[in-house]
Amino acid sequence: METTVLICDYSYHYKAFNHNMRGNLQSFLFRLQTEGTCKIYIQDEEFTMTSGDLLLLKPGDDYRLVVEEPHKEGRLSSGDYYLFCEGSWIDHWWGQTARPTLSRIGLDDKLVSLWRNMLLEKRRGPLEENAELNDALLRGLCLYIDRAIKENIQTDRAVSSALKLKRFIEEHATVTFKLEEAARYAGLSLSRAVRLFKEHYGQTMIQYAIEIRLNAALERMKYSEMTLEHIAESCGFASYSYFHRVFRTHFGMSPAEYRESKSHPPMDLEHV
């Protein structure tokens with residue numbers, strides 16, 4: 001199964017704009033609002049899009065985009081990433097599950113990065129763009145969209161906040177960060193964040209960060225020639241002595257002993 005990225009770009013409107021594709025969509029259209037607001041009309045139903053809203057349309061859908069002058073004093077602006085795509089893989093992906101036409105997924109850095117990389121690849125032009133790379137980026141974008149939709153339809157605010165904490169830790173575990181930063185990201189006080197994370201995941205935020213750091217360290221020890229000191233630093237441990245102590249506590253051997261054991265039958269890391 002294959003994909004084809006027909007158009008991928010970024011648009012910014014600072015003047016009134018009206019684009020009508022009534023019954024004229026020949027491919028799938030994905031659109032992520034990044035700033036400002038606009039109105040979307042689909043099958044004559046009106047939607048207002050604001051920053052972080054994702055629009056998903058299929059071939060044959062009616063579609064009209066309207067950027068209006070503000071009713072009150074203010075600056076008119078509407079910015080968005082958009083792409084038109086097609087292909088048997090996209091057909092299969094679309095048919096796997098029902099997705100909302102309009103979803104609020106936020107502006108996740110990883111999702112925006114996928115979109116931007118695809119945009120830059122398309123701008124290389126037909127002689128230089130890499131179709132295989134575009135295919136991989138588009139598939140990744142689709143799968144990431146599914147995750148973002150699933151995570152942002154949580155009706156329980158506590159569940160949503162706990163998930164934000166978890167995602168922040170996953171993103172920052174291998175660098176130095178403060179728990180206050182994770183709490184601020186989730187819109188919580190530090191004490192509330194600490195309690196909420198423990199209630200939902202059965203471990204503290206620090207314990208989860210250490211788990212991620214140790215898993216990253218295991219991979220580096222297996223598949224790189226980095227020194228153990230460099231591995232400790234690159235995985236977010238404040239010092240090698242701290243890394244050594246934590247590693248031995250979890251696995252019953254030192255990092256050096258583990259690295260040496262790579263040439264022997266695999267150790268049991270059931271509880272990693």
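Residues numbered from 1 in each chain as written. Predicted model: local features only at pLDDT ≥ 70, side-chain atom pairs only at ≥ 80, totals over all residues. Heavy atoms only, no water.

### A look at the packing of helix α7 (residues 205-223) against helix α9 (residues 240-251)
Between α7 and α9, the least distance of the axes is 11 Å, while the angle of their chain directions is 95 degrees. The pairing of α7 with α9 is recorded here as roughly perpendicular in orientation. For the pair α7 and α9, contact is made by Ile-210, Leu-214, Ala-217, Leu-218 and Met-221 and by Tyr-242, Phe-243, Val-246, Phe-247, His-250 and Phe-251, respectively. Along the lines of polarity and charge, the residues of the contact of α7 with α9 split into ten nonpolar, one polar and no charged. (Axes fitted to C-alpha atoms, helices over the stretch in contact; angles between N-to-C directions. Helix = DSSP H or I, 4+ residues; strand = E, 2+ residues; numbered from the N terminus. Parallel < 35°, antiparallel > 145°, perpendicular 65-115°, else oblique. Contact = heavy atoms within 4.5 Å. Nonpolar A, V, L, I, M, F, W, Y, C, P; charged D, E, K, R; others polar.)

### Quick look at the sheet that holds strand β6 (residues 53-57)
Judged by pairing direction, the sheet is antiparallel, and its five strands sit side by side in the order β1-β8-β3-β6-β9 without closing on themselves. Since the sheet does not close on itself, it has two edges, and those belong to β1 (4-13) and β9 (102-104), each with one partner. The average undirected angle you get between the axes of adjacent strands in this sheet is 15 degrees. Across eight bridges, the pairing between strand β3 (residues 28-36) and strand β8 (residues 78-86) is antiparallel. (Pairing = 2+ DSSP bridges.)

### A few points about the packing of helix α1 (residues 88-96) against helix α3 (residues 131-152)
Look at α1 against α3: their axes get within 11 Å of each other, and the N-to-C directions meet at 5 degrees. The orientation of α1 relative to α3 falls into the category roughly parallel. Across the interface between the two elements, Trp-89, Ile-90 and Trp-93 from α1 touch Leu-138, Arg-139, Cys-142, Leu-143, Ile-145 and Asp-146 from α3. Class assignment of the residues belonging to the contact of α1 with α3 gives a composition of seven nonpolar, no polar and two charged.

### As for α7
With 19 residues, α7 should cover 27 Å at 1.5 Å per step; its first-to-last C-alpha distance of 27 Å lies within 8% of that length. By the burial criterion, the buried members of α7 are Met-205, Tyr-208, Ala-209, Ile-210, Ile-212, Arg-213, Leu-214, Ala-216, Ala-217, Leu-218 and Met-221. Buried positions along α7 lie against α4 (157-172), α5 (179-185), α6 (190-201), α8 (228-234), α9 and α10 (255-260). (Expected span 1.5 Å × (residues − 1). Buried < 20%, exposed > 50% of the residue type's maximum accessible area, 1.4 Å probe, protein only.)

### Focus on the packing of aromatic side chains
By the definition in use, this model includes 16 aromatic pairs. Between the aromatic rings of Phe-168 and Tyr-185, the centroid separation amounts to 5.4 Å while the plane-to-plane angle is 40 degrees, which identifies the pairing as tilted. Placement of the pair is Phe-168 in helix α4 and Tyr-185 in helix α5, with a sequence separation of 17 residues. With relative accessibility at 8%, the residue Phe-168 sits in the buried group. Centre to centre, the rings of Phe-247 and Tyr-258 are 5.9 Å apart; their planes meet at 55 degrees, and the pair counts as tilted. Separated by eleven residues along the polypeptide, Phe-247 in helix α9 and Tyr-258 in helix α10 bring together distant segments of the chain. An aromatic cluster of three or more residues is present, and its members are Phe-237, Tyr-240, Tyr-242, Phe-243, Phe-247, Phe-251 and Tyr-258. Between Arg-64 and the ring centre of Tyr-41, over which it is positioned, the NZ or CZ distance is 4.4 Å. (Phe/Tyr/Trp six-rings, centres within 6.5 Å; stacked < 30°, edge-to-face > 60°. Lys NZ or Arg CZ within 6 Å of the ring centre and 35° of its normal.)

### Concerning the side chain of Ser-11
Among the secondary structure elements, Ser-11 is positioned in strand β1. A relative accessible area of 14% places Ser-11 in the buried class. Here Asp-80 takes part through its side chain, which lies 2.6 Å from a polar atom of the side chain of Ser-11. With residues near it in sequence (within four places) discarded, Ser-11 still touches Ser-78, Gly-79, Asp-80 and Tyr-82. (Polar contact = N/O pair within 3.5 Å; in protein donor to acceptor, adjacent residues only side chain to side chain.)

### A look at the confidence of the model for the protein chain
Predicted coordinates in regions of low pLDDT should not be interpreted in detail. Of the residues in the protein chain, 92% have a pLDDT of 70 or more, and the chain-wide mean is 87. Long-range and interchain partners of residues 265-272, a stretch whose pLDDT sits below 50, account for nine contacts in this model, where long-range means more than four residues apart. (pLDDT = per-residue confidence, 0-100.)

### What to know about the pattern of salt bridges
Under the counting rule described, the total for this entry stands at 15 salt bridges. Across the salt bridge formed by Lys-58 and Asp-61, the nearest N and O atoms sit 3.0 Å from each other. By relative accessible area, Asp-61 is classed as buried at 8%. With a shortest N-O distance of 2.6 Å, Arg-99 and Asp-146 are connected by a salt bridge. Taken together, the residues span a long stretch of sequence, with Arg-99 in the loop between α1 and β9 and Asp-146 in helix α3 at a distance of 47 residues. Note on Arg-99: relative accessible area 16%, which makes it buried. Owing to a relative accessible area of 22%, Asp-146 belongs among the partly exposed residues under this scheme. By sharing partners, the salt bridges in this structure join Asp-108, Lys-110 and Glu-171 into a single network. (Salt bridge = Lys/Arg side-chain N within 4 Å of Asp/Glu carboxyl O.)

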